[in-house]
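Chain by chain, the residues:
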Amino acid sequence: MIQKVRPKKSLGQHFLTDLGIARRIADTVDAHPGTPILEVGPGMGVLTQYLTAKGRELKVVEIDSESVAYLNERYPALSGQIIADDFLRMDLGRVFGGRPFVLTGNYPYDISSQIFFKMLDNRDLIPCCTGMIQREVALRMASGPGSKAYGILSVLTQAWYDVEYLFTVDEGVFNPPPKVKSAVIRMTRNSTARLGCDEALFKRVVKTVFNQRRKMLRVSLRQLFGGKGAADAFFQHPVMTRRPEQLSVEQFVELTNLVAEELAKGRAI
């Protein structure tokens, strides 16, 4: 019998030990009832036990073979529902046969942003995503324009999801304790079906300007145009004197369309 799983630094594992917090995290999925649940990184199942009790269709994905063996032994009700795989490499459309699902988990700090970018790529499958992450990342995702925490992850996430920062979790309720505080968030798919701009260019614009977030847009945007540059009139647009943290998602959409028009002019020359 496996007594417990050893947390592995290489996998960024910090196992939650506070059952009250585990129950509160599990309850975040109740905002989207009836939908199947996929838990990422269940570890020793401290969150899994409360998700199982909800009586909903549940699958868990775990990359750690020791955890997989423990879960199979400890939770016989999960037989056939434990996926031994790397979430970041999975085809999410196959998990529940193409049906939408709620994503949740106590996410490893070092890949949480990658998990959420995968969520965005699969947004039509994931109407709701909840879970616990590093507090700094949670603040970035939930912050609005004008905040120092507002950045690439904020804009790209809020374009498709409404983000709620639910509560903060202290370091002492984990084994081993992380060096930073954690936070629980919930993201609910908004009503946006199309952004109203070239979505690939939208990502490029957002990443380009936030990589030079202290500079005005008229400076940071120049690298998008390569050798040909852009017309002086383009950089005289009123928005060009602003910095990226001042723009809302809607204003980034408008900016993307301005950039697209100017790029089209360059190709027409």
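Quick caveat, the model's predicted, so the values are computed rather than measured.

Student: So, helix 3 (residues 65-74): which residues are in play, and what are the values?
Tutor: Buried within helix 3 we find Ser67, Val68, Tyr70 and Leu71. Summarising the axial view, the buried residues of helix 3 lie within an arc of 165°, below the 170-degree limit, and thus occupy one face. The inward-facing, buried residues of helix 3 abut strand 1 (15-16), strand 3 (58-62) and strand 4 (82-84).

Student: Describe helix 7 (residues 199-210), listing the residues and the values that go with them.
Tutor: Two residues of an α-helix separated by three or four positions point the same way, owing to the 3.6 residues in each turn. Relative to the 16 Å expected for 12 residues at 1.5 Å per residue, helix 7 spans 17 Å between its end C-alpha atoms, a close match to the ideal helical length. Two or three places before Ala200, at the opening of helix 7, Asp198 has a side-chain oxygen 3.0 Å from that residue's backbone nitrogen.

Student: I'd love a proper account of the nonpolar core, names of residues and values included.
Tutor: Core analysis: the biggest nonpolar cluster contains 57 residues, and Leu103, Phe116, Phe202, Leu221 and Phe252 have the highest contact counts within it. When near neighbours in sequence (up to four residues on either side) are disregarded, Phe252 contacts Tyr150, Val155, Phe202, Val205, Val206, Val209, Phe210, Pro244 and Leu247.

Student: Can you tell me about the packing of aromatic side chains, naming the residues and giving the values?
Tutor: Inspection of every chain in the model, using the stated rule, returns 7 aromatic pairs. An angle of 45° between the planes, with centres 5.6 Å apart, marks the rings of Phe96 and Phe101 as tilted. Residue class for Phe96 comes out buried when judged on its relative accessible area of 3%. By relative accessible area, Phe101 is classed as buried at 0%. With a centroid separation of 5.2 Å and an interplanar angle of 70°, the aromatic rings of Phe225 and Phe234 are classed as edge-to-face. There is no split in this pair, since Phe225 and Phe234 are both buried. Aromatic ring contacts, followed pair by pair, group Tyr150, Phe210 and Phe252 into a single cluster. Note that Arg24 overlies the ring of Phe167, its terminal NZ or CZ placed 3.7 Å from the centroid. The aromatic ring of Phe96 is capped on one face by Lys59, whose charged end is 5.3 Å from the ring centroid.

Basis of the calculations
Residues numbered from 1 in each chain as written. Predicted model: local features only at pLDDT ≥ 70, side-chain atom pairs only at ≥ 80, totals over all residues. Heavy atoms only, no water. Buried < 20%, exposed > 50% of the residue type's maximum accessible area, 1.4 Å probe, protein only. Helix = DSSP H or I, 4+ residues; strand = E, 2+ residues; numbered from the N terminus. Arc of directions from axis to C-beta. Contact = heavy atoms within 4.5 Å. Expected span 1.5 Å × (residues − 1). Polar contact = N/O pair within 3.5 Å; in protein donor to acceptor, adjacent residues only side chain to side chain. Core = buried A, V, L, I, M, F, W, Y, C linked by side-chain atoms within 4.5 Å. Phe/Tyr/Trp six-rings, centres within 6.5 Å; stacked < 30°, edge-to-face > 60°. Lys NZ or Arg CZ within 6 Å of the ring centre and 35° of its normal.

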